[in-house]
Amino acid sequence: MKKRFVLSMLAACCAAPALADVNYSLSITQPQHHLGNVSVEFPKSAQSHIDVKLPAWRTGRYEILNLANGVRYFAATDDNGNALKWEKINHSTWRVHLAEPTHVNIDYQVYANELGKRARHIDDSHAFIDASGFFMFSESFRQEPVTVDLKVPKAWRSVSGMENASNKHSFKAADYDVLVDSPIETGINKLHKFEVGGRQYELVIWGEGNYDEQLMLTDLKKLVTTGNVIWDSYPYERYVFMVHATSGAGGATEHLNSTIIQRPRNRFGSREDYLGFISTAAHEFIHTWNVKAYRPKGLAPYDYTNMNYSNLLWISEGSTSYFEDHLLVRSGIETTDEFFKVMSKTINRHLQTPGREVQSASETSFDKWINQGGDHARNYSTNIYLEGSLLSMLLDIHLLETTQAKVNYRQVHNALYNKHTLPQGFTEQDVLTILKELTGEDYTTWWHDNVSTPANIDFDALLGKVGLKLTRPESAKPLASIDATAKNSGELLTLTHVRRGGAAWQAGLTTDDKIVAVNKQHVGKDLKSSLEVFKAGEKVTIDFIRRDALQSTTLVLSQDYDKPKKVVADKNATLSQRALFKAWMGVEHPINVQAD
């Protein structure tokens, strides 16, 4: 036994050489031209060659990106500074040939002027550095410790979720996977540090805008206390909120120890805009657990150069969207009325997406890498955020109802966190196993009916269980409709979406058709005003231009309303419905609040 142990130890030592740092350096001397110079020092290698790669996508965005197109002046040298032979073998891989064992030093220039992709951006005021857009890696050294040294203008401040190394512009990480999931914001910025629950937080803001820093800080302090609403521990000791107040770019990305949130600089001031910001912050905060601490098999470990397939992305993204409002309502940041408004938009968007009848949540998860927006997508597809959010609500309320509020969907995610923490990803069967362990019931049929096939959600019945209603406002007025949307293109209206099965669809109209007249009357500035003199059920003639030729068709106008349906509290909700609402959202049903 002892001999076997010694042999095992020797084999392990031979298979796992001593760790050596991979050192990265980024020099920004021409920020106004969006240029940075990168140097990488890889540890000594005795291989015949090493392949160095720039990722083809970045974490948090399930889409192949063209990140290597800005690389120029690639060069490779050995220990003595002698040039090494290299060749580019695909769009983002450089193969460096080695005649003898040596360290490998790589130098290249990066053009970084794509702010909205949240991977690489340099200008005269800052740089946003996601390693996927800047720093090449080699699979041979992916698990080695890394350091990053920045050479930036003197007035700049550098912030990252990584620990500082030798100075305020240098950072260190356990390996490339941590580096690629720990972006750096460096430049002219505002920085706030605070502590909550013994954990350290930072809010760094680049750009001027109509934001209220103190309000942001107040609400972020509330938000970060809510992790225990779902999980029984926190996966970090320090977390950074990065905010870009921009001139157009918008969106956000979760990371291992931080998030980057981008919004147009004038989209913070109104209550609606501010809720958009803080909801995004909640979404990315939730991702610190859901995706960064546990995620589906197929995405663990990440393959940075290929598509990473999973049929469970609806849980990764949709459930995260669903939990946003739970944290915001429970922390007092968002009112129940504001929550109902968000839910109303989500449900109406779902009902106005014919693709919900075609593509299941499982299918849209797997196809996330290739799904595109536009008319066809809306008619034949759905998305992981929308469907995942509604399926999460469906499952949550079902669990609460059938277990007398003893089990909820939050417990499912806490179990995923405790049982399937990375590096192992979880599977569909793992989720079904957890559901059975929690409830004693088999959820295979439920899963088939709602996840594997397109879900058919009865919102009246679902919302009624928690004392809510989906209803049309009494002030809503009926409108005639052709079941299509259009944009004004000068003197004409160009169709942008034609709903599958609707009036325009049945009449043969399609996107990019240019509407000239309805019943020989020239169209107005928008579709709504052009149809306001008609009533649902009327048959009209539509003159339109297609391929530069005037054509005509007839259709029967359908009925729409000037106001969508809204989620509201049912004034006649029973005591049991109100109790289930409280178990669901963690606050009193609005009727109880009014009674007080």
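None of these values were measured; they are calculated from a predicted model.

Quick look at a positive patch on the surface
Side chains of Lys341, Lys477, Lys563 and Lys566 sit close together on the surface and give a patch of like positive charge. Its location among the elements puts Lys566 in strand S30 (residues 566-569). By relative accessible area, Lys566 is classed as partly exposed at 43%.

A word on the pattern of salt bridges
For the coordinates displayed, the defined rule picks out 22 salt bridges. The salt bridge partner of Glu114 is Lys117, with a shortest N-O separation of 3.7 Å. Overall, Glu114 belongs to the partly exposed group, its relative accessible area being 22%. Lys117 gets classed as partly exposed once you look at its relative accessible area, which sits at 22%. One salt bridge in this structure joins Glu272 and Lys345, with 3.3 Å as the shortest N-O distance. Linking Glu272 in helix H5 (residues 271-287) with Lys345 in helix H7 (residues 336-351), this pair joins segments that are 73 residues apart in sequence. Connected via shared salt-bridge partners are Glu114, Lys117 and Arg120.

Observations regarding the packing of aromatic side chains
By the definition in use, this model includes 38 aromatic pairs. Ring centres 4.3 Å apart and planes at 0° place the aromatic pair Trp231 and Trp289 in the stacked group. With a gap of 58 residues between them, Trp231 in the loop between helix H4 (213-223) and strand S18 (238-246) and Trp289 in the loop between H5 and helix H6 (313-330) connect regions that are remote in the sequence. Overall, the relative accessible area of 2% leaves Trp231 in the buried class. Ring plane angle 65° and centroid distance 5.3 Å describe the contact between Tyr234 and Trp289, whose orientation is recorded as edge-to-face. Of this pair, Tyr234 sits in the loop between H4 and S18 while Trp289 is found in the loop between H5 and H6, placing the two residues 55 residues apart along the sequence. For the pair Tyr234 and Trp289, one class covers both residues: buried. In textbook terms, an aromatic cluster arises when at least three aromatic residues are bridged by ring pairs, as seen for Phe194, Tyr201, Trp231, Tyr234, Tyr236, Tyr239, Phe241, Phe285 and Trp289. Over the ring of Tyr234 we find Arg199; its NZ or CZ atom is 3.6 Å from the centre of that ring. Its guanidinium or amino end placed over the ring of Phe268, Arg263 lies 5.9 Å from that ring's centre, counting from NZ or CZ.

Some details on the sheet that holds strand S3 (residues 49-53)
As summarised here, the arrangement of the three strands in space is S3-S6-S5, forming an open sheet in which the pairing is antiparallel. Each of the sheet's edge strands pairs with one partner strand only, and the pair in question is S3 and strand S5 (86-90). Strand-to-strand, the axes of this sheet are offset by a mean angle of 30°, without reference to chain direction. When S3 meets strand S6 (residues 93-97), the two strands line up antiparallel, connected through five bridges. Bridged to Ile50 within S6 is Val96.

Calculation notes
Residues numbered from 1 in each chain as written. Predicted model: local features only at pLDDT ≥ 70, side-chain atom pairs only at ≥ 80, totals over all residues. Heavy atoms only, no water. Patch = residues over 30% accessible without salt bridge, like charges linked within 9 Å, V, L, I, M, F, W, Y side chains within 5 Å. Areas by Shrake-Rupley, 256 points an atom, 1.4 Å probe, with all protein chains shown as cover. Salt bridge = Lys/Arg side-chain N within 4 Å of Asp/Glu carboxyl O. Lys, Arg positive; Asp, Glu negative; His and termini not counted. Charge placed at Lys NZ, Arg CZ, Asp CG, Glu CD. Helix = DSSP H or I, 4+ residues; strand = E, 2+ residues; numbered from the N terminus. Buried < 20%, exposed > 50% of the residue type's maximum accessible area, 1.4 Å probe, protein only. Phe/Tyr/Trp six-rings, centres within 6.5 Å; stacked < 30°, edge-to-face > 60°. Lys NZ or Arg CZ within 6 Å of the ring centre and 35° of its normal. Pairing = 2+ DSSP bridges. Axes fitted to C-alpha atoms, helices over the stretch in contact; angles between N-to-C directions.

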